[in-house]
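# Observations on the three-dimensional arrangement
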Amino acid sequence: MKNFLLPILIAAGIALITLPACGGSGSDPEPPAEENLAITANPALNGQQESPSPGPNFPLAVTVTSKMPPQGVTVEVVAKEESSSSGFYSDTKTTSSSVSNFVITNTPATVSCRVTVTVTSISKPANKATGFYFYSKK
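Just so you know, the residues in each chain are numbered from 1, in the order the chain's sequence is written. In keeping with the predicted nature of the model, local features appear solely for residues at pLDDT of at least 70, side-chain atom pairs appear and are counted solely at 80 or more, and the whole-chain, interface and lining totals rest on all residues. The side-chain numbers reported here are obtained from all heavy atoms of the structure, hydrogens and water having been left aside.

### Some points on the pairing of strand S3 (residues 73-81)
For S3 and strand S4 (residues 87-95), the ladder comprises eight bridges, and the chain directions are antiparallel. Within S4, the residue paired with threonine 74 across the bridge is threonine 94. Here S3 folds back onto S4, and the loop between the two strands holds five residues. Strand direction decides the pairing type here: S3 and strand S6 (residues 112-121), joined by nine bridges, are antiparallel. Looking at S6, one finds that glutamate 76 is bridged to threonine 118. DSSP-based pairing: two strands are paired if at least 2 bridges between them are found. Helix numbering and strand numbering both begin at the N terminus, where a helix is a DSSP run of H or I of at least 4 residues and a strand a DSSP run of E of at least 2.

### Re the side chain of threonine 95
By the element assignment, threonine 95 lies in strand S4. Each residue's exposure class comes from its accessible area (1.4 Å probe, protein chains only) as a fraction of the maximum for that residue type: buried when under 20%, exposed when over 50%, partly exposed otherwise. The exposure class of threonine 95 is buried, given its relative accessible area of 17%. A polar side-chain atom of threonine 95 sits 2.8 Å from the main-chain amide nitrogen of serine 97. Those residues in contact with threonine 95 that sit more than four places away from it in its chain are Met68, Gly72, Val73, Val75 and Ser100. Two N or O atoms count as a polar contact when they lie within 3.5 Å, although within protein this holds only if one can serve as hydrogen donor and the other as acceptor, and sequence-adjacent residues are included solely when both atoms are side-chain atoms. Throughout, a contact is declared for two residues whenever any of their heavy atoms are within 4.5 Å.

### A few points about the sheet that holds strand S5 (residues 99-104)
Reading across from one edge, S1-S2-S5 is the order of the three strands in this open sheet, with antiparallel pairing throughout. Strand pairing shows two members of the sheet lacking a second neighbour, strand S1 (39-42) and S5, which therefore form its edges. Strand after strand, the sheet turns through a mean of 20 degrees between neighbouring axes, direction not considered. As paired strands, S1 and strand S2 (residues 58-64) are joined by four bridges and run antiparallel to one another. Looking at S2, one finds that alanine 41 is bridged to valine 62. The convention used is that axes are lines fitted to C-alpha atoms, helices contributing only their stretch in contact, and that angles between N-to-C directions extend from 0 to 180 degrees.

### Brief notes about the sheet that holds S4
Ordered in space as S4-S3-S6-S7, the four strands form an open sheet in which the pairing is antiparallel. In the strand order of this sheet, the two ends are held by S4 and strand S7 (128-136), each with one partner. The mean inter-strand angle of the sheet, taken between neighbouring strand axes irrespective of direction, is 15 degrees.

### Let's talk about unusual backbone geometry
In this chain, asparagine 42 is followed by proline 43 through a cis amide linkage whose omega measures 5 degrees. Mapping proline 43 onto the fold places it in the loop between S1 and S2. Residue glycine 55 is joined to proline 56 through a cis peptide bond whose omega torsion reads 10 degrees. One can find proline 56 in the loop between S1 and S2. Of note in this structure, asparagine 106 is not a glycine but carries a positive phi near 65 degrees.

### Structural notes on the packing of aromatic side chains
The aromatic pairing rule takes the rings of Phe, Tyr and Trp, using the six-membered ring of Trp, and pairs them if the centres are within 6.5 Å, calling planes under 30 degrees apart stacked, those over 60 edge-to-face and the rest tilted. On inspection of all chains with the given rule, the structure shows three aromatic pairs. Taken together, the ring pairs in this structure connect Phe58, Tyr133 and Tyr135 into an aromatic cluster. Positioned above the aromatic ring of phenylalanine 102 is the side chain of lysine 93, whose terminal nitrogen or guanidinium carbon lies 4.4 Å from the ring centre. Look at NZ for Lys and CZ for Arg. If either is within 6 Å of the ring centre and within 35 degrees of the ring normal, a charge sits over the ring.

This is how it looks when you write it as structure tokens:
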């Protein structure tokens, strides 16, 4: 009987030592790569001049068309006179929704204005998408 138990105990001891080592490296797997951001907007972010409008408010809808990053995005909208370095409108939203709505206000009359939209991944700040368009208030 003693001759029978000794090999079983030795085999059990070896199994306890070696089996945990078979579980892998112990580190978490690397998360999947984040898809590059892609955006569209209404009005379109095509660098073109929109027809003059009476205003006073100018709606803008920004849509993230790529897969949303896991922690969401920051959507920044800046409007300024084309010939100026300072903006008259700026708004930033942090969201996990694919659509973000803005209303541009305080637009000066009869000058061309540039709206720049920048969408940045929160989890990977180097992942950005940017576009712009021009508009004017009658």
